[in-house]
Amino acid sequence: MGLVGRGISQSRTPAMHMAEAAAQGVCGVYKLLDMDAPERCDLSLAQMLRMAEATGFSGLNVTYPYKIEIIPLLDELSANAKAVGAVNTVVLKDGKRVGHNTDLWGFAESFKRGLDGAAVRDVLLLGAGGAGVAVAHALADCGVVRLSVFDIDPDRAARLCDQLGANRPQMVLNPVTDIEALVAKHRPDGVVNATPMGMAKLPGSAFPTGLLDARMWVADIVYFPLETELLRAAREVGCRVLPGSGMAVFQAVRAFELFTGRAAKPGRMKATFDSF
Ligand code: NAD
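Residues numbered from 1 in each chain as written. Predicted model: local features only at pLDDT ≥ 70, side-chain atom pairs only at ≥ 80, totals over all residues. Heavy atoms only, no water.

1. A short note on the domain arrangement of the protein chain
Put simply, an interface is often sized by how much accessible area is lost when its parts join up. Domain parsing of the protein chain yields domain 1 (2–100 + 247–274) and domain 2 (104–243). Computed from C-alpha coordinates alone, the two centres of domain 1 and domain 2 are separated by 26 Å. On the domain 2 side, the residues contacting the 12 residues of domain 1 number 17 residues. When residues of domain 1 are sorted by the area they lose upon contact with domain 2, Val84, Met247 and Phe250 head the list and together hold 51% of the total. Applying the counting criterion to the domain 1 and domain 2 interface returns 0 salt bridges. At the junction of domain 1 with domain 2, the criterion picks out 2 residue pairs in polar contact (both at pLDDT 80 or more). (Domains from an automatic or database assignment. Contact = heavy atoms within 4.5 Å. Buried area = accessible area lost by both parts, 1.4 Å probe. Salt bridge = Lys/Arg side-chain N within 4 Å of Asp/Glu carboxyl O. Polar contact = N/O pair within 3.5 Å; in protein donor to acceptor, adjacent residues only side chain to side chain.)

2. Structural notes on helix H1 (residues 13–23)
Turning to H1, its buried residues number three or more, namely Thr13, Pro14, Met16, His17, Glu20 and Ala21. Considered in projection along H1, the buried side chains sweep an arc of 165 degrees and stay on one side of the axis. Of the surrounding elements, those touching the buried residues of H1 are strand E2 (31–34), strand E3 (59–62), helix H9 (245–260) and helix H10 (266–274). Positive phi shows up at Gly25, right after H1, with a value of about 75 degrees. (Buried < 20%, exposed > 50% of the residue type's maximum accessible area, 1.4 Å probe, protein only. Helix = DSSP H or I, 4+ residues; strand = E, 2+ residues; numbered from the N terminus. Arc of directions from axis to C-beta.)

3. A look at the side chain of Thr195
Tracing the backbone through its elements, the reader meets Thr195 in the loop between strand E10 (190–193) and strand E11 (217–220). For Thr195, a relative accessible area of 15% translates into the label buried. Looking at Thr195, its side chain comes within polar contact range of the side chain of Asn193, at 2.8 Å. Within polar-contact distance, the side chain of Thr195 engages the backbone nitrogen of Met197 at 3.0 Å. Here Thr195 is in contact with Leu126, Gly127, Ala206 and Val222, once residues within four sequence places are set aside.

And the structure:
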């Protein structure tokens, strides 16, 4: 198994997969295939994929900037990958390349376990990029009735609402340009940050923290740091919060199952994630 992307040297994914395989008594090797590394910087994505097949990889995880670029190189897509329009897991089996999107299931599973019973009538999603699209579909699977989407690029928010609306005609989809007005009018049950704001290299919060109130739940998918500025402020106000580590762990749980055909233990994979 392996992870293909750029700037991935800090990824915890190889450790999660290898520790899980070892705990199951299986010899599993998971390689970090950083396309920025000197030995790979002249390789194309297509060449990388051919090499992985030729050397017997069971599958690859795919991350920035290849989640969309890889699609034309695949034979089939799962329903989730088709819906999201992005692939983060490729299974290589019987000469076929099948693309999946485990980010969607990863967020949904993390949400169901970490915010059990939370109200989902009305939710605000910040960020309509690659991860935001997967999270929006996951929120739909979690029963969200009305989803408002804010992005500093309003075209992205509108595109996501159109795309999701075409798949989920029962949902109310609402691209927004003014967060304060939206909060005053709809008083959302929950807020999800799927922008990179809050990362160690991009401090701050995309959601104005002065608008938080204890009645809301708040989820962040950023996990470096684990406690973002938004989550810290939400905790202080008394909101239920969901950190991004859950999505990171559950996308790996599902990928492990796809690669090996064996069920993974989420608690064990989370313990490896937390050990860093
Ligand atoms: P991306 O660049 O594809 O999309 C980010 C989107 O956020 C863009 O549409 C951008 O316009 C928007 N944006 C940026 N700043 C904003 C702001 N202040 N307000 C509103 N919108 C803003 O990135 P991505 O791949 O979607 O990743 C986003 C974040 O999610 C990254 O920090 C990434 O690390 C994290 N992520 C976490 C997981 C996980 O498993 N927890 C998985 C994937 C991505």
